[in-house]
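Structural overview for review
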Amino acid sequence: MRNGVWALGLALLSGVVNAASWQLAEPVADNPLIEARVKGTVSFGRHSVPAELALSCRRDAPPAWTSVRLLGKPKGFDLAPFEGPGGAGEKGRLASYAVGRARFLPAKVSGAWAESGVFGLSFALPAREAAALVDVRQLQFRLKPAKGRASPLEARFDLPGDSAPLKRALSGCGA
């Protein structure tokens, strides 16, 4: 019995150690932003791909910029209409997000291929919602297809309990 209790304690401790945490990308000479990132999942129908949520803020240009990066292409969802200036996400409000348990809010989204196999969907996050991220534990994102009536692309990011790195990245927005 004593070994079973010890094994259970070790398993619980391992879960705490392996829990998601914010990763910070420190500023470099040509990019003065501090970016906070956390892993998540994007799903479309029965398919899912890993994703990354990235948040940053410039002191001279709030609001916070949010990027949902798809680390692979979701099968069956056409990302091409969302790419580049004038994409479908900039014209219509096909994207929405929810911070914590709040209702989904519409957002205009811009898409671009960052590197091979990584597609980023970026949108502005108003100061109020950016500040709320410090206290809540989840951000959800939805993107309706540009054409047709298929299911939306859905992303979910469970936010780490330690919000100090996020506060640092969003300090320019007053969060």
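Above this note sits the structure.
Quick caveat, the model's predicted, so the values are computed rather than measured. Numbering of residues starts from 1 in every chain and runs along the sequence as written. For this predicted model, a pLDDT threshold of at least 70 governs which residues receive local features, and a threshold of 80 or more governs which side-chain atom pairs are given and counted, while totals over whole chains, interfaces and linings are taken from all residues. To get the side-chain values, all heavy atoms of the structure are used, and hydrogens and water are removed first.

1. Here we look at the overall build of the protein
Put simply, the test is: Secondary structure elements follow DSSP: runs of H or I no shorter than four residues count as helices, runs of E no shorter than two count as strands, and numbering proceeds from the N terminus. Exposure is judged per residue with a 1.4 Å probe applied to protein chains only, and the accessible area is read against the type maximum: over 50% gives exposed, under 20% gives buried, and values in between give partly exposed. Note on contacts: a residue pair qualifies if any of its non-hydrogen atoms lie within 4.5 Å across the two residues.
For the protein, the count of helices and strands is four helices and 10 strands. Listing the helices and strands of the protein from first to last along the sequence gives α-β-β-β-β-α-β-β-β-β-α-β-β-α. Considering the protein as a whole, with its 175 residues, one finds that 38% of them fall into the buried category. Long-range pairs, those at least 24 residues apart, make up 56% of the contacts in the protein with a sequence separation of at least 6.

2. Re the pattern of salt bridges
Quick note on the threshold: The term salt bridge refers to a side-chain nitrogen of Lys or Arg lying within 4 Å of a carboxyl oxygen of Asp or Glu.
This structure, assessed with the given rule, holds six salt bridges. Of the charged contacts in the structure, one is a salt bridge between Arg37 and Glu35, with a shortest N-O distance of 2.8 Å. In this structure Arg37 comes out as partly exposed when scored by relative accessible area, which is 26%. For Arg69, the salt bridge goes to Glu35, with nearest N and O atoms at 2.8 Å. Of this pair, Arg69 sits in strand E4 (residues 64-71) while Glu35 sits in strand E2 (residues 35-44); the two residues are 34 residues apart in sequence, bridging distant segments of the chain. Each member of the pair, Arg69 together with Glu35, is buried.

3. Examining the packing of aromatic side chains
As a reminder, the rule being used: Put simply, two rings from Phe, Tyr or Trp (the six-membered ring, in Trp's case) pair if the centres are within 6.5 Å, and we call them stacked under 30 degrees between planes, edge-to-face over 60, tilted for the rest.
Scanning the model with the defined rule gives five aromatic pairs in all. Measuring from ring centre to ring centre gives 6.2 Å for Phe77 and Phe82, while their planes differ by 15 degrees; the resulting arrangement is stacked. Grouping residues by exposure puts Phe77 and Phe82 together as buried. Pairing Phe123 with Phe141 gives two aromatic rings, centres 5.4 Å apart and planes at 15 degrees, and the pair type is stacked. One end of the pair, Phe123, is in strand E8 (residues 118-125); the other, Phe141, is in strand E9 (residues 138-143), and 18 residues separate them in sequence.

4. So, the nonpolar core
This is how it is decided: Buried Ala, Val, Leu, Ile, Met, Phe, Trp, Tyr and Cys residues that are joined via side-chain atoms within 4.5 Å together make up what is termed a nonpolar core.
Membership of the largest hydrophobic core comes to 42 residues, with the highest contact counts inside it found for Val68, Leu121, Phe141 and Leu143. Excluding residues within four positions of it along the chain, Val68 makes contact with Val42, Glu52, Leu53, Phe119, Gly120, Leu121, Phe123, Phe141, Ala155 and Phe157.

5. A short note on the pairing of strand E3 (residues 47-56)
Put simply, the test is: We treat two strands as partners when DSSP finds at least two bridges between them.
Summarising burial for E3: seven of the 10 residues are buried, a large majority. Across nine bridges, the pairing between E2 and E3 is antiparallel. Bridge pairing links Val42 to Val49 in E3. Between E2 and E3, which pair antiparallel and follow one another directly, the connecting turn spans two residues, one of which, Gly45, has a positive phi of 65 degrees. Pairing of E3 with E4, which is carried by six bridges, proceeds in the antiparallel orientation. Counted as the bridge partner of Ala54 is Ser67 from E4.

6. Observations concerning the pairing of strand E5 (residues 95-99)
Here E5 lies mainly inside the structure; five of its five residues are buried. By the alternation rule, side chains of E5 split into Ala95, Tyr97 and Val99 and Ser96 and Ala98, which are all buried. By the bridge criterion, three bridges tie E5 to strand E6 (residues 105-107) in an arrangement that is antiparallel. Following the sheet pairing, Ser96 is matched in E6 by Pro106. Count of turn residues in the E5/E6 antiparallel hairpin: five residues, of which Gly100 carries a positive phi of about 65 degrees. Here E5 runs beside E9; their pairing, made up of five bridges, is antiparallel. Residue pairing across strands places Ala98 opposite Gln140, the latter belonging to E9.

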